[in-house]
Amino acid sequence: LVDWSTGWWVPLHLLLVGGLLGAISTVTQMLAVTWSASPAPSSAIVVAQRAGLAVGTILLVAGRESGHDTALVVGGALVASSMLGLAAVLWWIRRTAVTRRFAPAIEGYVVAVGLGTVGMVIGILLGAGWLSSSYERWRDAHLMLNVLGLVGVVIAATLPYFAATQVRARMSDRATPAAIRLTIAALAIATVGGAAGAAGAVPAL
């Protein structure tokens with residue numbers, strides 16, 4: 001409905017950075033606390049993390065649309081910082097867990113947030129024009145780290161536990177903590193390899 005000068009970029013990032021990351025921030029904490037029977041994190045910390053994400057998203061999008069690189073960089077830094085805050089909260093939940101068998105899922109969330117944060121830093125550099133000489137290669141790395149890394153690994157870490165919970169079934173005997181950790185590690189390594197191949201123009205990688 002609105003004629004954005006940056007085209008699809010604005011609605012896409014409002015949806016993914018503001019909407020999807022907001023959902024991931026909420027759901028990963030909720031599942032981690034529920035599954036592990038850990039004490040809930042402080043409300044102040046949770047609100048600060050979400051507020052940083054929301055304000056950062058608005059600054060990021062406004063800076064990109066208006067051509068103010070400072071606002072874009074500050075907004076992007078707030079978003080990345082809020083993700084690091086999420087990782088810290090999730091790790092605290094894992095450390096205080098009463099039930100340890102869900103630890104691989106929480107560890108997967110932390111790995112996913114780490115991959116996504118690297119992708120976000122690349123996105124900030126792209127948006128500010130600091131990688132303009134190889135824009136398309138770094139954009140592809142940015143996409144892989146955020147879509148396959150952040151979103152993909154969150155989904156992969158959740159499904160083995162969530163599917164069993166939803167259908168009230170016992171988890172497969174093959175879904176051992178070691179197997180889940182190995183799968184998450186393989187996905188993370190593959191994502192980093194793919195992103196490195198894109199950024200370095202190495203198609204085989």
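The sections below set out a description of the structure shown in this document.

Quick notes on the rules
- Throughout this document, residue positions are counted from 1 along each chain, in the order its sequence is written.
- For this predicted model, a pLDDT threshold of at least 70 governs which residues receive local features, and a threshold of 80 or more governs which side-chain atom pairs are given and counted, while totals over whole chains, interfaces and linings are taken from all residues.
- Hydrogens and waters are ignored; side-chain quantities use all the structure's heavy atoms.
- Each cavity reported here is a set of points on a 1 Å grid over the protein atoms alone in which a 1.4 Å probe fits but cannot get out, each pocket an open set with protein on both sides within 12 Å along at least five of seven lines, and each lining residue one with an atom within 4 Å of a point.
- Grid points are joined across faces, edges and corners, and a volume is the space filled by probe spheres set on the points.
- Secondary structure elements are taken from DSSP: a helix is a run of H or I of four residues or more, a strand is a run of E of two residues or more, and numbering for both begins at the N terminus.
- Working definition: a ring pair exists when centres of Phe, Tyr or Trp rings (six-membered ring for Trp) sit within 6.5 Å. Plane angles under 30 degrees give stacked, over 60 give edge-to-face, the rest tilted.
- Buried, partly exposed and exposed residues are distinguished by accessible area as a fraction of the type maximum, computed with a 1.4 Å probe on protein chains only: under 20%, between the cut-offs, and over 50%, respectively.
- For helices, the axis comes from a line fit to the C-alpha atoms of the stretch in contact; other axes are also lines fit to C-alpha atoms, and the angle between any two N-to-C directions lies between 0 and 180 degrees.
- Reported orientations rely on four angle classes, namely roughly parallel under 35 degrees, roughly antiparallel over 145, roughly perpendicular from 65 to 115, and oblique for the rest.
- Contact definition: two residues touch when any of their heavy atoms are within 4.5 Å.
- Under this grouping Gly is polar, as are all residues other than the nonpolar Ala, Val, Leu, Ile, Met, Phe, Trp, Tyr, Cys and Pro and the charged Asp, Glu, Lys and Arg.

With that settled, the discussion passes to the layout of surface pockets. Considering only enclosed or pocket space, the largest pocket measures out at about 560 Å³ in volume. H13, L16, V17, H142 and N146 are, among the 26 residues lining the largest pocket, the residues nearest its centre. Of all the elements in the fold, those that place two or more residues in the lining of the largest pocket are α1 (9-36), α2 (43-66), α3 (69-95), α4 (103-127) and α5 (135-167).

A few words on the packing of aromatic side chains. Taken as a whole and assessed by the stated rule, the structure comprises three aromatic pairs. Seen from their ring centres, W35 and F102 are 5.4 Å apart, and the 10° between their planes marks the pair as stacked. Highlighted residues: W35 in helix α1 and F102 in the loop between α3 and α4, separated in sequence by 67 residues. Exposure remark for W35: the relative accessible area of 9% places this residue in the buried category. With relative accessibility at 9%, the residue F102 sits in the buried group. Aromatic pair W35 and Y161: ring centres 5.6 Å apart, planes at 45°, arrangement tilted. In this pair, W35 is assigned in helix α1 and Y161 in helix α5, connecting sequence segments 126 residues apart. Each member of the pair, W35 together with Y161, is buried. Through pairs of rings, three or more aromatic residues link up here, namely W35, F102 and Y161.

The interhelical angle for the contact between α1 and α2, taken along N-to-C directions, is 170°, at an axis separation of 10 Å. Taken together, the axis directions place α1 and α2 in an arrangement best described as roughly antiparallel. Counting all contacts with α1, which are made through W9, V10, H13, L14, V17, G18, L21, G22, S25, T26 and Q29, the residues of α2 involved are V46, Q49, R50, L53, T57, L60, V61, R64 and E65. Taken together, the residues of the contact of α1 with α2 break down into nine nonpolar, eight polar and three charged.

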